[in-house]
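What follows is the residue order along each chain.
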Amino acid sequence: MNGMKSLKTGFCLLVIALCGFTYANAQTAQTEKVQRNYEVMMQTVIGTDAADNQNNTPSALSPEIGKLKQNYSYKNYRMSLNNFQRIAENGTINSRTLINSIGSFPSIESYPIYFNWRLVRVKNSDNETTDSVKIDFFHFDASFPAPRSNSIAYDKIELDLSELVLKIGKPTVIGSIAVPQTNETLFFITTVKEIKN
């Protein structure tokens, strides 16, 4: 009888010890998982045939501009917009900008161009050993003033991309879209860098 009681007591102590060990390991695993943070640079470059006396694209973009030149016949590539943001892993960026002109698009006084873009869930790619990040969704839209017979309306362009994978620290062209009322194209170049704590 005493032997059976001792066996039950020993078994209970063993179960309690195992539960405690499992809980301690779970707590350690949680504290070891570090929240990643990123710097995101969204750069918009315009492909144009307009004369250009200066090359205003950063040298870091030269490899990507070189690829564009292989696939598009534009004479020049100009930096249009820079947008820099910081974001925590799995975060979202929303950016809304007003600009007066872009490329050779005819500017209309008191009627700006509306630029909006959104990145959803920037995170480490599924393979933890890679030096890349995954962006679940990218959205861009712009509204351009468009003269009508007696008024000014707005023409809208949009671009949606999903499941993007980018190498950390490497500028990458992620998409393009035509600029209304011109023969020009906007190219979106994204660079994501992990912020080391």
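Please read all numbers here as calculations on a predicted model, not as lab measurements.

K.L.:
Whenever I open this one, the pattern of salt bridges confuses me. Can you help?
P.N.:
Where charged atoms from two side chains of opposite charge come close, those side chains can pair. A complete count under the given rule lists nine salt bridges for this structure. As a salt-bridge pair, E194 and R36 come within 3.5 Å of each other at their nearest N and O atoms. Here R36 lies in the loop between α1 (2-32) and β1 (37-48) and E194 lies in strand β8 (residues 185-194), a separation of 158 residues in the sequence. Overall, the relative accessible area of 24% leaves E194 in the partly exposed class. Where D136 meets K123, a salt bridge forms, and the shortest distance between an N and an O atom there is 3.3 Å. Here the residue D136 occupies a position in strand β5 (residues 132-147), and K123 occupies one in strand β4 (residues 113-124), the gap between them amounting to 13 residues. Taking relative accessible area as the criterion, D136 reaches 12% and is therefore assigned buried. Salt bridges here are not isolated pairs; linked through shared partners, they connect R36, E89 and E194.

K.L.:
Even after reading the chapter, I still don't get the packing of aromatic side chains, so can you show me in this structure?
P.N.:
For any pair of aromatic rings, geometry is given as the distance between the ring centres together with the angle between the planes. Applying the stated criterion to the full structure yields 10 aromatic pairs. For the ring pair Y72 and Y74, a centre distance of 6.3 Å and an interplane angle of 15 degrees mean the geometry is stacked. Classification of Y72 as partly exposed rests on a relative accessible area of 33%. Here the aromatic rings of Y72 and F187 are separated by 4.8 Å at their centres, their planes lie at 75 degrees, and the arrangement is edge-to-face. Taken together, the residues Y72 in the loop between α2 (62-71) and β2 (76-88) and F187 in strand β8 connect sequence positions 115 residues apart. Members of the aromatic cluster, connected to one another through ring pairs, are F105, F115, F138, F140, F144 and F188.

K.L.:
Whenever I open this one, the sheet that holds strand β6 (residues 152-167) confuses me. Can you help?
P.N.:
What holds strands together in a sheet is hydrogen bonding between their backbones, with the strands either parallel or antiparallel. The strand order β3-β4-β5-β6 describes an open sheet built from four strands, whose pairing is antiparallel. Two strands lie at the open edges of the sheet, namely β3 (91-99) and β6, each paired on one side alone. Between one strand axis and the next, the sheet turns by 10 degrees as a mean value, whatever way the strands run. Note: β3 against β4, nine bridges, orientation antiparallel. Residue T97 lies in a different strand from β4, and its bridge partner there is F115.

K.L.:
What is the right way to look at α2 in this model?
P.N.:
Helical periodicity: at 3.6 residues per turn, an α-helix aligns residues three or four positions apart in one direction. What α2 keeps buried is the set E64, I65 and L68. Mapping the buried residues of α2 onto a view down its axis gives an arc of 100 degrees, with all of them on the same face. Opposite the buried face of α2, by more than 90 degrees, sit the exposed residues P63, K69 and Q70. Turning to α2, the residues buried within the fold contact β1, β2, β7 (172-178) and β8.

K.L.:
It is not clear to me how a nonpolar patch on the surface should be interpreted in this structure. Could you clarify?
P.N.:
Taken together, the side chains of L98, Y111, Y114 and Y154 make up a nonpolar region of the molecular surface, amounting to roughly 370 Å² of accessible area. Structurally, Y111 can be placed in the loop between β3 and β4. Since its relative accessible area comes to 33%, Y111 is described here as partly exposed.

K.L.:
Which parts of the structure should I look at to understand the environment of R96?
P.N.:
Take R96: it is sitting in strand β3. On a C-alpha basis, the gap between R96 and N116 in space is 4.4 Å, while along the polypeptide they are 20 residues apart. Those residues in contact with R96 that lie beyond four places of it in its chain are F115 and N116.

Scoring rules and cut-offs
Residues numbered from 1 in each chain as written. Predicted model: local features only at pLDDT ≥ 70, side-chain atom pairs only at ≥ 80, totals over all residues. Heavy atoms only, no water. Salt bridge = Lys/Arg side-chain N within 4 Å of Asp/Glu carboxyl O. Helix = DSSP H or I, 4+ residues; strand = E, 2+ residues; numbered from the N terminus. Buried < 20%, exposed > 50% of the residue type's maximum accessible area, 1.4 Å probe, protein only. Phe/Tyr/Trp six-rings, centres within 6.5 Å; stacked < 30°, edge-to-face > 60°. Pairing = 2+ DSSP bridges. Axes fitted to C-alpha atoms, helices over the stretch in contact; angles between N-to-C directions. Arc of directions from axis to C-beta. Contact = heavy atoms within 4.5 Å. Patch = residues over 30% accessible without salt bridge, like charges linked within 9 Å, V, L, I, M, F, W, Y side chains within 5 Å. Areas by Shrake-Rupley, 256 points an atom, 1.4 Å probe, with all protein chains shown as cover.

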